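Here are the chains, one letter per residue:
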Amino acid sequence: MLKKHTEKIELSRAVLVKAKIAIVRAQFNADFTQSLEKHCLATLLEHGVKKDQILQFQVPGSLEIPIVAQNIAKAKKADIIIALGVVIKGDTYHFEIVANECARGCMDVALKYNMPIIFEVIPVYNLAQAKKRTGNNNQNKGREAALAALKMLGVMSNFVRK
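Residues numbered from 1 in each chain as written. Predicted model: local features only at pLDDT ≥ 70, side-chain atom pairs only at ≥ 80, totals over all residues. Heavy atoms only, no water.

**Re the packing of aromatic side chains**
A ring pair, where both rings are aromatic, is described by two values, the distance of the centres and the angle of the planes. By the definition in use, this model includes one aromatic pair. Ring centres of Phe-95 and Tyr-125 lie 5.7 Å apart, and the angle between their planes is 45 degrees; this geometry places the pair in the tilted category. You can see Phe-95 sitting in helix H4 (residues 94-113) and its partner Tyr-125 sitting in the loop between strand E4 (117-124) and helix H5 (127-134), a full 30 residues away along the chain. Overall, Tyr-125 belongs to the exposed group, its relative accessible area being 56%. (Phe/Tyr/Trp six-rings, centres within 6.5 Å; stacked < 30°, edge-to-face > 60°. Helix = DSSP H or I, 4+ residues; strand = E, 2+ residues; numbered from the N terminus. Buried < 20%, exposed > 50% of the residue type's maximum accessible area, 1.4 Å probe, protein only.)

**Structural notes on the pairing of strand E1 (residues 21-26)**
Within E1, six of the six residues are buried, leaving the element largely enclosed by the surrounding structure. Burial along E1 is two-sided: the face carrying Ile-21, Ile-23 and Arg-25 and the face carrying Ala-22, Val-24 and Ala-26 are both buried. Crossover E1 to strand E2 (residues 54-59) through helix H2 (residues 30-46) is right-handed. (Right-handed = clockwise from strand over helix to strand, strands pointing away.)

**Things to note about the side chain of His-39**
Within the secondary structure layout, His-39 lies in helix H2. Within polar-contact distance, the side chain of His-39 engages the side chain of Asn-136 at 3.1 Å. (Polar contact = N/O pair within 3.5 Å; in protein donor to acceptor, adjacent residues only side chain to side chain.)

**Quick look at the state of the cysteines**
Two cysteines, two sulfur atoms, one covalent bond between them: this is a disulfide. All chains considered together, the criterion is met by zero disulfides. Unpaired in terms of disulfides, Cys-40 finds its nearest cysteine sulfur in Cys-106, a separation of 14 Å. Judged by relative accessible area, Cys-40 falls into the buried class, the value being 0%. Here Cys-102 stays unpaired: no disulfide links it, and the sulfur of Cys-106, its closest cysteine neighbor, is 4.3 Å away. (Disulfide = S-S within 2.5 Å.)

Here's what the structure looks like:
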């Protein structure tokens, strides 16, 4: 059972009912990324987003997140994208490459297409850190990603021409 939270988001009903949110989740480290996605979805639904307003995509790993985000943005399939992944440090430099290039790729897409990407691709040094950030609690980063997305929908609505 997911824990409930009490944070209030101020978002007009008009913005909320028209919002399209895309979630792109890396399948690598699936136990952790599935928890992020589960908490993200639950939080969005708790705040009034309907299931049919949410698009979900799974990619093999975090390095594949930016290309899918770019296609979503280019096709205008969503108003905001949530990127979810967990990158755990191993014995090589690969950890830094994956984390840094995924972040750079998502930022490039966000700026090119003027579409916020909530970046919760979490680089951690060990399994304990991954478990702490993806646990069944209010500190789950999937929950935080959903809250940030809702807040950014409100912010970005200030720039829509009427």
